[in-house]
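Spelled out from the first residue to the last, the chains are:
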Amino acid sequence: MYQTPAKHPLSAELPALDDATYAAMWALFCHIGQYWQNMPDPEPFRSQLYSFMLNRINLRPVYRDYYLFAAATLRGLIEQHGEDGAYAFLFTDTDANKAPPETALAVTRQKVANEFMALQLSLGGFKAFGAVNYCGFIGGANIPGQAAPYRTLEADHEG
Amino acid sequence: MTLEQQKSRLYPLLQTAMELELSTIPPYLTALLSIKREANRVAASLIRSVMMEEMLHMVLVGNLMSSLGGKICLNQDTLPSYPLRLEFEGHGFKGREFDINLEAFSPQAIQTFLQIELPTSLARQPQRLMARPKISVPGITLGEFYQRIIGALDALCAAYPESAVFNGDPGRQISEQYYWGGGGKPIIITSLAQAKAALEVIIKQGEGGDDSIFDGDEHYFDQAEEVAHYFRFNEIAQGRRYRPGDKPHEPPTGDAFAVDYQAVYPIKRNPRHGDYAAGSRLATLNQQFNRQYSLMLSQLEQAFNGHPAVLYDAIVNGMHGMTPIAQEMMTLPLDGSAGASHGAPSFEWIAPPYQPA
Amino acid sequence: MKVETLIIGSGVAAAALAQRLLAKNPNASILMLEAGRKVKMQDAAIWQDYVVSGKLPYTQYYDLPYPERDQPGENLSAGTTAVPLDGSRALTYGGSTIHWGGWSFRLKPEDFALRTNTGHSLDWPISYTDLEPYYSQAEHYIGVSGDSNDPTVPRHCDYPFPAFPYTLEDQPAAEAMAALGMAYSHLPIARHGITDTTSRHAPCQTTGTCKYCPFGARYSANNFLDDMQNWGNFPGLQIRLNSIVQEISMRSRQQAGGVVYLDRETGQQVMVEADRIIVAAGTLESTKLLLRSRSDHWQQGIGNDHDLVGRNIVTHPYFIFSGSAPGNPLKLQPEMNFPTLCSRHFDSPAEQAKGKFILINPPGSPSVNLLSKMQAGVSRLDMDRYVTGPRQIQLHGMVEIFSEPQNRIANIDKLNHLGMQETLVDFGQAAGFDPRMQEIQGHVQRLFEAMGATMNAKPTISWRADHAACTLRMSDDESEGVTDRHMRVHGVDNLYVCSNATFPSTGAVNPTLTLAALALRLGDHLNHATGQP
């Protein structure tokens, strides 16, 4: 309770992210689930995406710029490719994934989309691939007398 | 009247209960953080332990609402704002009322906390002028208010099968893995017995058992007997711990401990955002705090209304994120004048940029 | 300034010892000097940074690697086998429990009589029975989840929390071990569980980011020290950071008087007098401190008349065997971040002479990395094929090696990037090590075959110094050990060492639980010695 926060000294001085930028980032998050068909109902995670973005900005203020930048880049991509095409392009273009990011598209892919993928998987997107728990997902406690929060060895293997 | 109609008469009571429990937390937290870190460790521990248990009470009320099929509302309209007038209804006479404030640890603050947790057996009839109440409590004390809810549940279950009364999906309730750090654990409610057990925890932790200073939760929680909240605050007021055998109407007879009301930041009482100069560090910090606080409340609402897992985000981000901001504010004077008050969070609403699910 | 008890270091040994002293006397005068700074733990933003990027906030407090051609580095490796220091310890408030995995094994009874049983090294001056009650207390103090019915070691008291069930990912290894008649058991792990008691420590929520647990469910000394300072009402307890102890000063040959430390914030040298001093600074720093505390009374360093200080260093070689499995029909993936299954089958009296070893089914096996595929734009269909396709699997373990007097550490007269003296490590593996690893490989090979996997590479062996020990080893005989059976430095009445450095041997298991047990035992010993009420 008495610790100092891990905040970048600039972060408190920045203006808050505007609703339209948040909405664009939310759309990106939802499209990850649509493209990989691994999150049919992303609604419950709205507040957690916002919380994640606030944390990124607090730790590294440049993320505020990344999110603004990404929103603008996505507007352009959607104009060019239509909605679904825009996200497919963002998620699969190989040049966009070459580090360090030197184009608008690369920044959007690496600093925003790729991070949202990490978040999405850890919030529950991983479940589509067969597991019950995942490193980064808060699976819950091992409550005595209840099923473990992960897939377990069959009982006849015990001891 | 159908079962649903009868249940829906209970929902406002549970919503009031939630607002009451929530309303105690900013004042307890503010008083706790106003204590300078090197002083008053016993008093600080006592306040913190009460505050942690109020959070448990919120969870128990949330689970009860969910078990009946109702919804909790935590937003701009139901947010407590300070000074908060609590009005307790008397039986055919003018009831109790007093203000709860966001203020520094002080004898007056402790007296207010004692009033909040006052056991029914110790309630008297103070006379005060009525002003427009913010939270109106049907009952002379919190304890009596919760007894009325128990009574209403008894009546419902006398008329209808329990499974129809408690027909909410238990998977939507907050389970024991979400709560630690306080005396007690969440109860998943699917029956009248469990509902009453949950409400008894709240009553007993607040005011103790019949003619007892102890909170009586040792039957379901394996720890040394703890005194109820009212009596913990009385320990601070008296500067002395209770001992087993001490009685509610008598002062504590255990070990004395030091209480230093000077080792406290001189924070402004009931601060509002407008108290902080535009562009000042305090204004920026207060904005940050309120943004986190509002997000946390919104996530609590989401958690209580069927998405318990969001509570982890609220826990990991909430307390750890907010208290350092509050602490910094309390070290900063409002202005350069001699004897200026220091800042403190105003606990006001800043709408998150989404419609909660 | 003068204090009653001065503790050098702020890791698990210091924290456990301080807690035991304060339990007896909450007003005890205790000063803890920590060379390092504080790291923000349980911070939501840092945690999410870790989830997204793998970055940790405390790696800046690791040693740098040894000097390379193009990299200045720090420290020096002088022997025939390099023992890396970088990543082996965290020089910060809370010490190395800030990054440890939490594996909390007890030594076995035979480990305390290594020389009697095999002729190697030295016996402990105490027995398993002597330490057993303290093992229980340490398991409760740290908060260990384990199987109380596990017969591997005798116990009088249950673990505070039940064991975590084996994962589905343990199944191939479990079946193979069962088929080969190798016993396996639940790995005892320092993770808080759910109980019916108030605890400031959250239960493990199986988040899988153990290196930076957002809940503090994995024991970490910094959290316990914070608790003691913030909520503990101990008016005589003081913890100073950025305080690098330069040397221990002696009042006479038999009496330590205090220390001189460098305050990194002010650059000033500060003297503190103390009635008694406990060095709890980890194996390397505790040893180096004694070595460089030279005076007319102790010309080779305190406690070093027999040229033992710094010698006999051992660590645990940690081995990783990799293999490939043709497919993954059960879609096994890393669901946890700590191991649940281990085998102490070869951690036995029969194996003691050659070097006992344990086997671990690591949580990252089989290796499946969904995120890297998604970030590379791989389609859902191809990701599904990837998950069930050919897999890399691993088995890990560690093996006991034996003290040799020529293996030693010393100070280097140069400061590292944290302002502390650098370390010289002079170590060479024994001739018997390679044949032993060949034998181990044979066992693991059979396991891989039973798992339907093919071993496809030589094992990786890490000699990293995480479990460095024995450089200030205990013995009743001062010509064989630097400390006595109560970890008091021979020849000095009021100087103690609370560190893995005092172990005469390490067995095949991680040292931390044993260290915590010894710290609590030392606390009791000091409490009785002062005759305090």
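Quick caveat: nothing in here was measured; it's all calculated off a predicted structure.

1. Description of the overall build of chain C
Working step 1: Scanning chain C from terminus to terminus reveals eleven helices and 19 strands.
Working step 2: The globule rule puts the C-alpha radius of gyration for 533 residues at 24 Å, and the 23 Å found for chain C is close to it.
Working step 3: Referenced to the eigenvectors of the C-alpha coordinate spread, the extents of chain C come out at roughly 75 × 55 × 50 Å.
Working step 4: Taking all contacts inside chain C whose residues are at least 6 apart in sequence as the whole, residues at least 24 apart take part in 72%.

2. Overview of the overall build of chain A
Working step 1: Counting secondary structure elements, chain A contains five helices and zero strands.
Working step 2: If you list the helices and strands of chain A from N to C, you get α-α-α-α-α.
Working step 3: Relative to its full complement of 159 residues, chain A shows a buried share of 51%.
Working step 4: Of the contacts made within chain A by residues no fewer than 6 positions apart, 55% connect residues no fewer than 24 positions apart.

3. A short note on the sheet that holds strand β16 (residues 421-426) of chain C
All names here are of chain C.
Working step 1: Read across the open sheet, the three strands follow the order β3-β16-β15; overall the sheet is mixed. The open sheet terminates on both sides in strands that have one partner only, identified here as β3 (76-77) and β15 (408-415).
Working step 2: Set on the sheet, helix α7 (residues 282-292) makes contact with β15 and β16; between it and β15 the angle comes to about 75°.

4. Description of unusual backbone geometry
Working step 1: Residue A:A99 is joined to A:P100 through a cis peptide bond whose omega torsion reads -5°.
Working step 2: With respect to the element layout, A:P100 can be found in the loop between α4 (83-92) and α5 (104-123).
Working step 3: Between B:Y82 and the following residue, B:P83, the backbone shows a cis peptide bond with an omega angle of 10°.
Working step 4: With respect to the element layout, B:P83 can be found in the loop between α2 (41-68) and β1 (84-88).
Working step 5: For C:T206, which is not glycine, the phi dihedral falls at a positive 45°.

5. Here we look at the interface of chain C and chain A
Working step 1: Each partner contributes to the interface: chain C provides 44 residues, whereas chain A provides 44 residues.
Working step 2: Broken down by element, the side of chain C that touches chain A gets its largest block of residues, seven residues, from helix α2 (residues 44-53) of chain C.

6. Some thoughts on the interface of chain C and chain B
Working step 1: The interface of chain C with chain B comprises 18 residues on the first partner and 18 residues on the second.
Working step 2: Looking at the side of chain C that touches chain B, the elements with two or more residues in it are α2 and α6 (221-231) of chain C.

7. Considerations on the sheet that holds β1(B)
Residue and element names in this part refer to chain B.
Working step 1: The mixed open sheet is built from three strands, whose spatial order is β2-β1-β3. Looking along the sheet, the strands with just one partner apiece sit at the ends: β2 (96-100) and β3 (135-137). Taken pair by pair, the neighbouring strands of this sheet meet at an average axis angle of 20°, ignoring direction.
Working step 2: In the sheet, β1 pairs with β3 via three bridges, with the strands oriented parallel.

8. So, the nonpolar core
Working step 1: Counting residues in hydrophobic clusters, the biggest one holds 302 residues, and the most contacted among them are A:M25, C:L17, C:C498 and C:A516.
Working step 2: Considering each element in turn, this core owes the most residues, 15 residues, to α2(B).
Working step 3: Other than its neighbours up to four places away in sequence, C:A516 contacts C:V12, C:A16, C:A138, C:Y141 and C:I142.

9. Re the packing of helix α1 (residues 19-35) of chain A against α5(A)
Packed helix pairs are characterised by how far apart their axes lie and by the angle those axes make with each other.
All names here are of chain A.
Working step 1: Put simply, α1 and α5 touch, their axes get as near as 10 Å, and they point 65° apart. For α1 against α5, the interelement crossing comes out right-handed. Side by side, α1 and α5 meet where L28, F29, I32 and G33 of the first sit next to V112, A113, F116, M117 and Q120 of the second.
Working step 2: Of the residues belonging to the contact of α1 with α5, the class tally is seven nonpolar, two polar and no charged.

10. What to know about the environment of A:N142
Working step 1: Summarising the element assignment, A:N142 is placed in the segment after α5.
Working step 2: Since 24 C-beta atoms lie within 10 Å of it, A:N142 is described here as buried.
Working step 3: For A:N142 and A:S47, which are 95 residues apart along the polypeptide, the C-alpha to C-alpha distance reads 26 Å.
Working step 4: With near-sequence residues (within four places) excluded, A:N142 lies in contact with A:A148, A:P149, C:F164, C:G193, C:C204 and C:T206.

Procedures and definitions
- Residues numbered from 1 in each chain as written.
- Chains lettered and ligands numbered in written order.
- Predicted model: local features only at pLDDT ≥ 70, side-chain atom pairs only at ≥ 80, totals over all residues.
- Helix = DSSP H or I, 4+ residues; strand = E, 2+ residues; numbered from the N terminus.
- Rg over C-alpha atoms; globule rule 2.2 N^0.38 Å.
- Contact = placed C-beta atoms within 7 Å.
- Buried ≥ 20, exposed ≤ 12 C-beta atoms within 10 Å, placed from the backbone.
- Pairing = 2+ DSSP bridges.
- Axes fitted to C-alpha atoms, helices over the stretch in contact; angles between N-to-C directions.
- Core = buried A, V, L, I, M, F, W, Y, C linked by C-beta atoms within 7 Å.
- Left-handed = near helix turned anticlockwise from the far one by under 90°.
- Nonpolar A, V, L, I, M, F, W, Y, C, P; charged D, E, K, R; others polar.

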